[in-house]
Structures are given as C-alpha cells and as structure tokens.
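Spelled out from the first residue to the last, the chains are:
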Amino acid sequence: MLSVICGVQFFGERGSRGAPAGSPMAKSQHADGNWPAFRGTGGAGVSDGHPLPDRWKEIWRSPVPGLGHSSPIVWGNRLFVATAVSDAAEVPLKLGLFGDRDAAEETEQQSWIVMCFDKYSGELLWEHTARKAVAKTQRHMKATQANTTLSTDGQNLVAFFGSEGLYCYSLDGEQLWSKDLGTINVSKYGVGWGYASSPALLADRIVLQCDAPDDPFLAAFDSADGTELWRTSRSGLCERSWATPYIHESAGRTQVVANGWPYVVGYDLHDGTELWRLKGGGDNPTPTPFCANGFIYVANGHGAIAPVWAILPEATGDISLRDGETANRYVVWSELRNGAYIMTPLVYRDCLYSGTNNGILKCYDARSGALHYQKRLGSGTTALSASPVAGDGKVYWTTEEGEVHVFEAGPEYRELAMNSLGEEAMATPAISEGMLFFRTRHSMIAVGVSD
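First things first, this report covers the structure right here in the doc. Since the model is a prediction, treat every value here as computed from it, not as a measurement. Position numbers for residues count from 1 along each chain, tracking the sequence in the order it is written. Confidence filtering applies because this is a predicted model: local features only for residues at pLDDT of at least 70, side-chain atom pairs given and counted only at 80 or more, and all residues used for totals across whole chains, interfaces and linings. Hydrogen atoms and water are omitted, and side-chain values are computed over all heavy atoms in the structure.

### Observations regarding the overall build of the protein
Stage number 1. Put simply, DSSP marks the helices as runs of H or I at least four residues long and the strands as runs of E at least two long, and each gets a number from the N terminus on. The helix and strand tally for the protein stands at one helix and 38 strands.
Stage number 2. We compute the radius of gyration from the C-alpha atoms alone; for a globule the expected value is 2.2 Å times N to the 0.38, where N is the number of residues. The C-alpha radius of gyration of the protein comes to 20 Å, within 12% of the 22 Å expected for a compact globule of 451 residues.
Stage number 3. Viewed in the frame of its principal axes, the protein has a C-alpha envelope of about 55 × 50 × 50 Å.
Stage number 4. Each residue is placed in one exposure class: buried if its accessible area under a 1.4 Å probe, protein chains only, is under 20% of its type's maximum, exposed if it is over 50%, and partly exposed if it falls in between. Counting all 451 residues of the protein, 63% fall into the buried class.

Here's what the structure looks like:
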C-alpha cells in the first residue's frame, strides 16, 4: 500500500534551517522541475510547463535492488528512492487481483537503503543504509518493507520506515540524525500489512501519521534535529490508515488533513488540536488528501461505502453527512460509491480521475461531482495501485503489469498511447523537465519525448 501545503512548502516566517522565506534558498524550493514528495508539489500529482510524451523513448534504466513500493522524488539534477534489501535468497511478492490475507514470513535481516541517482544519466551517485536488522513487523504479500516515499525541501532529505525509524540526510547522503519511534504495527485480521504513510516535510518540521490500531497518533518533529514538537492521539477517531498526511494553508490557518477510518480529521499544524472531522468511508483508507480548485479532496474505499469528498478548507466542527445527504455546509459534493482503494485520485484541468483497483477509470467534473465517463483500462484482470499523474494535457496511469496508459485530459476519454515498462510496477511515477520516472520491481526508468 502506497502512496504539504497546496502548492506551497513553507511554514511560518522562515525557510529550511532558518533561511528567511524570501531568500534565494527558500525560493529555490519552487524551482521548475522539482518533484519533492509523494505525488510531487502539494501532493497534487501534476507538473506542467514542459512537453511530455505519449509514445516515448527510454532515456535510461538503472537497477534498484530489493523490494520497495517507494515512489521516486526529484530535486534539481538528483532523483531519490528508497528500497529494502533482504538477506534471503528469495523474497516473496504477490501482485495482481486477489483477496488473500497472507503475510510474508521473513526472518532474515533487511537493509533499508536510500539511493540517489543522477536525473539525466541514471548514474548512482550515492546510497546509504539507514538500518540493517530483522524487520520488527510483518508485511502483506503485496506490500514491501519500504512502501513509503521520501520527502525533501532541497536541503533535508527525510525517510520514514515506520517501525524501522525516521532518518534525515543532506542531499549528499550525510546522515544528519535519526529517531526511533518504536513499533508501529498497522494490522488487520491479525496480519501486519506494512507501514505506508510517507512523511510530509515543511521548512522547519516533519509531520508523520502513525495509525497503528493499538496507538494511532499524528506528530510533528523539528527537521533540524528530530525533536518532537507535538503528538496528538487519534484513538477513537482512527482504527488504521495507510494515508500520507496532507498540509494545507488557506482561510487564515494551516492544517494537517489525516485520512482515516472511521473519521477523516483536520488538525491545526501549530499544536495538533482538532479543527474538524468527517465520518464515514472505506475501512482501509490509503489515498492521500490533496487540494485543487480551492477544495480539499479525500477518497477511500474497501467497505460499506467508497467515497470521494470535496471539502471546503474552512471546515470546522463535525461536518459528517447525515443519512441521505451528499453535501452540506462544508462538503461541497460527494460520491459515496466511487472513491479509490489504493491509489490517490487526480484533479487536472477541472476533471477528477479516480479508479478502482480492478482497472475501472472514472472521470468526474471536479467542481460538481458529475460523472463524465467510466472506462476499463486493460483487461478484466488489470490491477491498478500506482496513482495517476498528469502534465502537458495528458494523464498517465500505470498498471501493476507495467503498462502505462496515456490519455488526453478532458471530459471525454481519448487514449493517446499505451507504453510497456517491461516490469511490474506499484509505485507512482515522478515528472520533471519533460521526463517521467518510473520505479518498477527491479529498476528505475527515465523516459522522454521520442525524436
């Protein structure tokens, strides 16, 4: 299970490590071409400004050892990704459509590794082993021990592996500090499914969502040294979640939106106090909240309902829908049966794209929730886990089989191309300067416009 301020990654008056927000260093955090976290800037999954390919050429392909659903991120000329390498001769991984609850039985040591590649050539610039040990918790057969995506602000590079710790590096690979948060066992049916919530990094702090059923909490840490700034219990609000927290600034406040079950909750970033809550949804929340069109979009699935909501950022109090309602004062619209299970939906050019894990794409009007169309991608056995991304008027959707469907953004479906990566893929791609970067089962792959 995979996997910021809306278009902004600053907090308060200062940039990273005390740089004033108006300084050249702080401004460089918005430099064109950066994809600094899961789903890029603001978690939106969108990067415009350069031509992007429909049918493409492969620029480079570099090996990545071990298993990881960690998505790539980009800063400047560097690409970063995380992986977990087992000492075992064979490491089980089962992708595709199935309902088995089996855990991967792993007793050998694992190495949690952060890797840095040259964005243009694919050359491995450095790698650092954050930890080597027997994993503290199980993973599901479809998950890995490195599900989470890294995050950077251009100076700090943050990795969080759940029970295996929180780590902060320079972009040159120097470990600046680390922190052990103890065991975080996100389990269901007695199976530890694996931790998957990526860190949200701001200029002076890191926000982590740790929704283990026995002690769910949200916490903020100082990015300079890992000092815990606050911790808020989510007991009674969330039984489990694999979603990455989303940080949004508008309406005179900065809030953290945490997807969960049975409640989605908004918290004040300054001290972790609750601002609003919304009840109802799928019981395995995985999609990350994000912002577009002035709305905060939240989706989840796998349960009695599978909703997608469009929420006003100024929400306050209990904004839960009553029976039969699809909207209220703060919920602009909702669709209660067509959210997403594993992938995060995408809003691009006034369309919201959501999908089921068995390959059904659904396109809505992002402002009203009206359905434009639905379309099956691939065959009836096609599985979707990676989140869609977009740019240059195109939407890119990667299947677990490693097929990338490229279609035109808009209220009617028009497929432009289907490209094969040649390997299975679970991670969400990154976009930078006209290139797309795909992490597959064994490789990092860069593609671009054909000559």
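### Digging into the sheet that holds strand S28 (residues 346-348)
Stage number 1. The strand order across the open sheet built from four strands is S28-S29-S30-S31, with neighbouring strands paired in antiparallel fashion. Strands at the two margins of the open sheet, each flanked by one partner only, are S28 and strand S31 (371-376). Here the strands of the sheet are splayed against their neighbours by 20 degrees on average, with no regard to which way each runs. In this scheme, strands are said to pair when DSSP sees at least two bridges between them. Note on method: axes are straight lines fitted to C-alpha atoms, helices fitted across the in-contact stretch only, with angles between N-to-C directions ranging 0 to 180 degrees.

### A word on the sheet that holds strand S17 (residues 228-233)
Stage number 1. Taken in spatial order, the four strands make up an open sheet running S14-S15-S16-S17, and their pairing is antiparallel. The open sheet terminates on both sides in strands that have one partner only, identified here as strand S14 (200-201) and S17.
Stage number 2. Sheet topology places S14 next to strand S15 (residues 205-210); two bridges connect them, and they run antiparallel. By the bridge assignment for S15, Leu-201 is matched with Ile-206.

### Structural notes on the packing of aromatic side chains
The description of two aromatic rings rests on the distance between their centres and on the angle between their planes.
Stage number 1. Aromatic pairs are defined between Phe, Tyr and Trp rings, using the six-membered ring for Trp, whenever the two ring centres lie within 6.5 Å; interplanar angles under 30 degrees are classed as stacked, those over 60 as edge-to-face, and all others as tilted. In total, this model carries 16 aromatic pairs according to the counting rule given.
Stage number 2. Taken together through their ring pairs, the aromatic side chains of Phe-290, Phe-295, Tyr-297, Trp-333 and Tyr-364 make up a single cluster.
Stage number 3. The rule is short: NZ of Lys or CZ of Arg within 6 Å of the ring centre and within 35 degrees of the ring normal puts a charge over the ring. Sitting over the face of the ring of Phe-290, Arg-39 holds its NZ or CZ atom 4.9 Å from the ring centroid.
Stage number 4. Directly above the ring of Tyr-263 sits Arg-277, whose terminal nitrogen or CZ lies 5.1 Å from the centroid.

### A word on the pairing of S31
Stage number 1. Where strand S30 (residues 360-365) lies against S31, five bridges are found, and the strand directions are antiparallel. Counted as the bridge partner of Ile-360 is Arg-376 from S31.
Stage number 2. Hairpin geometry of S30 and S31 is characterised by an intervening segment of five residues between the two adjacent antiparallel strands and by a positive phi of about 90 degrees at Gly-369.

### Describing the nonpolar core
Stage number 1. Definition of nonpolar core: a set of buried residues of the types Ala, Val, Leu, Ile, Met, Phe, Trp, Tyr and Cys, connected through side-chain atoms within 4.5 Å. Grouped together as the largest cluster of nonpolar side chains are 28 residues, with contacts concentrated most on Trp-56, Tyr-396, Leu-436, Phe-437 and Met-444.
Stage number 2. Contributions of two or more residues to this core are made by strand S1 (56-63), strand S3 (78-86), strand S5 (109-118), strand S34 (403-408), strand S36 (430-432), strand S37 (435-439) and strand S38 (443-449).
Stage number 3. The contact criterion used throughout is that any non-hydrogen atoms of two residues lie within 4.5 Å. When neighbours within four sequence positions are excluded, Leu-436 is seen to be in contact with Leu-52, Pro-53, Val-389, Tyr-396, Ala-430, Ile-431, Ile-445, Ala-446 and Val-447.

### Side note on the side chain of Ser-387
Stage number 1. With respect to the helices, strands and loops of the structure, Ser-387 is situated in the loop between S31 and strand S32 (389-391).
Stage number 2. For Ser-387, a relative accessible area of 1% gives the class buried.
Stage number 3. There is a polar contact of 2.9 Å between the side chain of Ser-387 and the backbone nitrogen of Thr-344.
Stage number 4. Apart from residues no more than four positions distant in its own chain, Ser-387 is found in contact with Phe-38, Arg-39, Met-343, Thr-344, Thr-428 and Pro-429. Under the rule applied, a polar contact is a pair of N or O atoms within 3.5 Å (in protein, one hydrogen donor and one hydrogen acceptor; residues adjacent in sequence only if both atoms are side-chain atoms).

### Considerations on the layout of surface pockets
Stage number 1. Cavities and pockets are defined on a 1 Å grid built over the protein atoms alone: a cavity is a set of grid points where a 1.4 Å probe fits but cannot escape, while a pocket is an open set with protein on both sides within 12 Å along at least five of seven lines, and lining residues are those with an atom within 4 Å of any such point. Grid points are joined across faces, edges and corners, and a volume is the space filled by probe spheres set on the points. Roughly 330 Å³ of volume is contained in the largest pocket.
Stage number 2. What lines the largest pocket is a set of 17 residues, among which Phe-98, Asp-100, His-140, Trp-193 and Tyr-341 lie closest to the centre.
Stage number 3. For this classification, Asp, Glu, Lys and Arg are treated as charged, while Ala, Val, Leu, Ile, Met, Phe, Trp, Tyr, Cys and Pro are nonpolar and the rest, including Gly, are polar. Partitioning the lining of the largest pocket into residue classes produces nine nonpolar, five polar and three charged.

### Here we look at the pattern of salt bridges
Stage number 1. Put simply, a salt bridge is a Lys or Arg side-chain nitrogen that is within 4 Å of an Asp or Glu carboxyl oxygen. What the rule picks out here adds up to 19 salt bridges.
Stage number 2. The salt bridge involving Glu-423 is made with Arg-61; its shortest N-O contact spans 3.3 Å. In this pair, Glu-423 sits in the loop between strand S35 (415-420) and S36 while Arg-61 sits in strand S1, placing the two residues 362 residues apart along the sequence.
Stage number 3. On the basis of relative accessibility, which here comes to 15%, the residue Glu-423 falls in the buried class.

### Concerning the pairing of strand S33 (residues 394-398)
Stage number 1. Here S33 lies mainly inside the structure; five of its five residues are buried.
Stage number 2. Of the two faces of S33, the one holding Lys-394, Tyr-396 and Thr-398 and the one holding Val-395 and Trp-397 are both buried throughout.
Stage number 3. Of the pairings in the sheet, the one linking S32 to S33 comprises three bridges and is antiparallel in character. Bridge assignment links Gly-391 to a residue of S33, and that residue is Lys-394.
Stage number 4. Hairpin connection of S32 to S33: two residues between the antiparallel strands, including Asp-392 at a positive phi of 55 degrees.
Stage number 5. Bridge count for S33 against S34 is five bridges, and the pairing is antiparallel. In the sheet register, Trp-397 faces S34, and the bridge partner there is His-405.
Stage number 6. What sits between the antiparallel neighbours S33 and S34 is a turn of four residues, in which Gly-402 has the positive phi angle 90 degrees.

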